[in-house]
Amino acid sequence: MKKIIRGILLGVLALIIIGGAVLAFFLFGGKKPDVSPQPYIVDSEGTSYLAVVDEDGVTYAAVTDAVGNIYAAEVDENGNIGETKGQINDQVDAAKLPTNYTGEHIDDTADVNAFTGNAEVIDTPETPVDVPTTVPSGEVTATTAAGGSSDNTAATKKASSGGNSGSTVTTTQAPQKQHYRLEKYQEMFKSGQYLMEFKTSDPEMGDTPITLASKNGNLMIDSTIQNFKCKMLYLSNEDKTYILIDNLKKYSELPEDMMGEEGLDMSELTKGFANESLDDLKVSTVKVNGQTLNCETRDNGDGAQTRYLFNGDTLVRIDDVASDGTVSSTYISRLTSDVPDSTFEIPKNYSYLNLSWLANMAG
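Per chain, residue numbering runs from 1 following the sequence as it is written. Local features in this predicted model are restricted to residues whose pLDDT is 70 or higher, and side-chain atom pairs enter the listing and the counts only when it is 80 or higher, whereas totals over whole chains, interfaces and linings include all residues. Note that the side-chain values use all heavy atoms of the structure and ignore hydrogens as well as water.

K.L.:
Is there a simple way to think about the overall build of the protein chain in this case?
P.N.:
Strands here are runs of E lasting at least two residues and helices are runs of H or I lasting at least four, both read from the DSSP assignment and numbered beginning at the N terminus. In terms of regular secondary structure, the protein chain is built from five helices and 23 strands. Each residue is placed in one exposure class: buried if its accessible area under a 1.4 Å probe, protein chains only, is under 20% of its type's maximum, exposed if it is over 50%, and partly exposed if it falls in between. The proportion of buried residues among the 363 residues of the protein chain is 39%. In what follows, a contact means two residues having at least one pair of non-hydrogen atoms within 4.5 Å. The contacts in the protein chain between residues at least 6 apart in sequence include a share of 56% that link residues at least 24 apart. The accessible surface values rely on the Shrake-Rupley method and a 1.4 Å probe; as for residues, cover is taken only from the protein chains in view. Of the roughly 19,800 Å² that the protein chain leaves accessible, carbon and sulfur atoms contribute 47%.

K.L.:
For this particular structure, what's the right way to read unusual backbone geometry?
P.N.:
Among all residues except glycine, the phi angle is most often negative; among peptide bonds, the trans geometry is most common. The backbone phi angle of Asn216 is positive, close to 50 degrees, even though this residue is not glycine. With respect to the helices, strands and loops of the structure, Asn216 is situated in the loop between strand E13 (210-215) and strand E14 (218-225). A relative accessible area of 7% means that Asn216 is categorised as buried. The phi dihedral of Lys249 is positive, around 50 degrees, even though this residue is not glycine. Tracing the backbone through its elements, the reader meets Lys249 in the loop between strand E16 (240-245) and strand E17 (250-253). Assessed through its relative accessible area of 40%, Lys249 is described here as partly exposed.

K.L.:
How should I be thinking about the nonpolar core in this particular structure?
P.N.:
One recurring pattern in soluble globular proteins is that nonpolar side chains are buried together. The definition of a nonpolar core used throughout is a set of buried Ala, Val, Leu, Ile, Met, Phe, Trp, Tyr and Cys residues joined through side-chain atoms within 4.5 Å. Counting 32 residues, the largest nonpolar core has Leu182, Tyr185, Met188, Leu315 and Leu335 as its most contacted members. Tallying contributions element by element places strand E15 (residues 228-235) first for this core, with four residues. Excluding its chain neighbours within four sequence positions, the residues that come into contact with Met188 are Tyr101, Ile106, Gln193, Tyr194, Leu335, Thr336 and Ser337. Core analysis: the next-biggest nonpolar cluster, separate from the first, contains 13 residues, Leu244, Tyr251, Tyr350 and Tyr352 among them.

K.L.:
Looking at this structure, I do not really get the sheet that holds strand E5 (residues 81-87). What am I missing?
P.N.:
In any sheet, the strands associate via hydrogen bonds between backbone groups, in a parallel or an antiparallel arrangement. Read from one edge of the open sheet, five strands run E1-E2-E3-E4-E5, paired in antiparallel fashion. What marks the edges here is a single partner per strand, and that holds for strand E1 (40-42) and E5. Taking each pair of neighbouring strands and ignoring which way they run, the sheet shows an average axis angle of 45 degrees. In this sheet, E5 lies alongside strand E4 (residues 70-75) in antiparallel orientation, the contact comprising four bridges. Counterpart to Val75 in the pairing with E5 is Ile81. Strands qualify as paired when DSSP identifies two bridges or more between them. Note on method: axes are straight lines fitted to C-alpha atoms, helices fitted across the in-contact stretch only, with angles between N-to-C directions ranging 0 to 180 degrees.

K.L.:
What's the story with the pattern of salt bridges in this structure? I'm lost.
P.N.:
Any two side chains of opposite charge can pair, so long as their charged atoms come close to each other. Salt bridges are defined by distance alone: a side-chain nitrogen of Lys or Arg within 4 Å of a carboxyl oxygen of Asp or Glu. With the rule as written, the count across this model stands at eight salt bridges. Asp313 serves as the salt-bridge partner of Arg181, at 2.9 Å between the closest nitrogen and oxygen. With Arg181 in the loop between strand E11 (168-171) and helix H3 (183-191) and Asp313 in the loop between strand E20 (304-311) and strand E21 (314-321), this residue pair connects regions lying 132 residues apart in the sequence. Residue classification places Arg181 among the partly exposed positions, given a relative accessible area of 27%. Arg317 is the salt-bridge partner of Asp319, the closest N and O atoms lying 2.8 Å from each other. On the basis of relative accessibility, which here comes to 2%, the residue Arg317 falls in the buried class.

K.L.:
Whenever I open this one, the confidence of the model for the protein chain confuses me. Can you help?
P.N.:
In regions of low pLDDT, the predicted coordinates are not meant to be interpreted in detail. Per-residue pLDDT for the protein chain has a mean of 74; in total, 66% of the residues score no lower than 70. A score from 0 to 100, pLDDT tells how confident the predictor is in each residue. When mean pLDDT is compared element by element in the protein chain, strand E6 (residues 107-109) scores highest at 96, while strand E10 (residues 155-158) scores lowest at 38. Considering only residues more than four positions removed or in separate chains, one finds that residues 17-30, a stretch of pLDDT under 50, has 22 contacts. Predicted confidence is poor over residues 129-171, with pLDDT under 50, and the contacts of this stretch with residues over four places away or in other chains come to 43 contacts.

K.L.:
Got a minute to help me understand the environment of Ser333 in this structure?
P.N.:
Here Ser333 is to be found in strand E22 (residues 327-336). For the pair Ser333 and Glu197, spaced 136 residues apart in sequence, the C-alpha to C-alpha distance is 5.5 Å. In this structure Ser333 touches Asp108, Thr109, Ala110, Val112, Glu197 and Phe198, once residues within four positions along its chain are discounted.

K.L.:
Hey, could you run me through the environment of Lys85 in this one?
P.N.:
Within the secondary structure, Lys85 sits in strand E5. Overall, Lys85 belongs to the partly exposed group, its relative accessible area being 48%. It is 7.0 Å that separates the C-alpha atoms of Lys85 and Tyr71, two residues lying 14 residues apart in sequence. Dropping the residues within four chain positions of it, Lys85 is found in contact with Tyr60, Ala72 and Glu74. Here a polar contact is recorded for every N or O atom pair within 3.5 Å, except that within protein the pair must consist of a potential hydrogen donor and a potential acceptor, and residues adjacent in sequence are included only if both atoms are side-chain atoms. Among the polar contacts made by the side chain of Lys85, one reaches the side chain of Glu74 at a distance of 3.2 Å.

K.L.:
Help me understand the packing of aromatic side chains in this model?
P.N.:
Centre-to-centre distance and the angle between the planes together describe a pair of aromatic rings. Pairing of aromatic side chains requires ring centres within 6.5 Å, counting the rings of Phe and Tyr and the six-membered ring of Trp. Pairs whose planes differ by under 30 degrees are stacked, by over 60 edge-to-face, and all others tilted. Tallied over the entire structure, the rule returns four aromatic pairs. Taking the centre distance of 5.0 Å and the plane angle of 90 degrees together, the rings of Phe189 and Tyr194 count as edge-to-face. One exposure class covers both Phe189 and Tyr194, and it is buried. An angle of 65 degrees between the planes, with centres 6.1 Å apart, marks the rings of Tyr242 and Tyr251 as edge-to-face. Assigned by exposure class, Tyr242 and Tyr251 land together as buried. Following the ring pairs from residue to residue traces out a cluster consisting of Tyr242, Tyr251 and Tyr352.

So, in structure tokens, the structure goes:
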């Protein structure tokens, strides 16, 4: 993810430098393109629906039933969803239906500078396992996994039936599902609806704060380059990417060749966040700046790892560890499931800026 973000921000910086002067931005305008509004309807509870318009110009909300059939539903002036009017499976691409996060509300914050520096592993990462217990025949020992409960905890019961008291039996308790701190964030990442504020250890990006937001297939990256506040905005309904320069109240469609060899692969921005399985995580503790943090580690193969560091239960840092031991860190100051739809809008008072000529100069 960080490599893609760096490519975007440094690409914008390169074009600003090539432009030579801020005045060039105003001299080389172009025909303003039509930016399609997001085709969503949001009800009073914040749930998003794909907007569909019939041949008479009436707008409906695309709703689904339990098995995935899509229907057109009435929408009143307050955004409330009413009765369905008919099935529209053949008229709507199911892949364009928005995803709505319905899990635990998350709005975690942390001091972004508190957990920088070297993370010293205190104990070796390990995954708790269920160990068979050997006890004398006629006795059953009941144990309880961390976080669970049992009336028989730390108690040994004598069996009511007879038997050879000298023999032994092995009893194995049913496997307990291991709870991980990453679990509450996993559902949010898988929904594709989250906002994260962070900085990285990349020396080329310096101490620059970055905001990454995702919702309904849209993506936004916001940061500051050479005192220019820049925003990269990907709109899924158009499959187009725009650059917004807030200082100048200008925006431009992003030329495809701006990123050069880095490229712009939107799927790479969130790859790894929504890993479907938590079973391969290993639990340990690390120490950063004298503070002990909980750590959950995922093996990525070939010696590479991803370490998720928690202050208590709050995710504050992600370390990508390469096979050669090189560590690339992301320091998180905020992580939330609250993502306003306005995050992905181009302000109406922003005028269009044609950057294509600068991209040609760069090439």
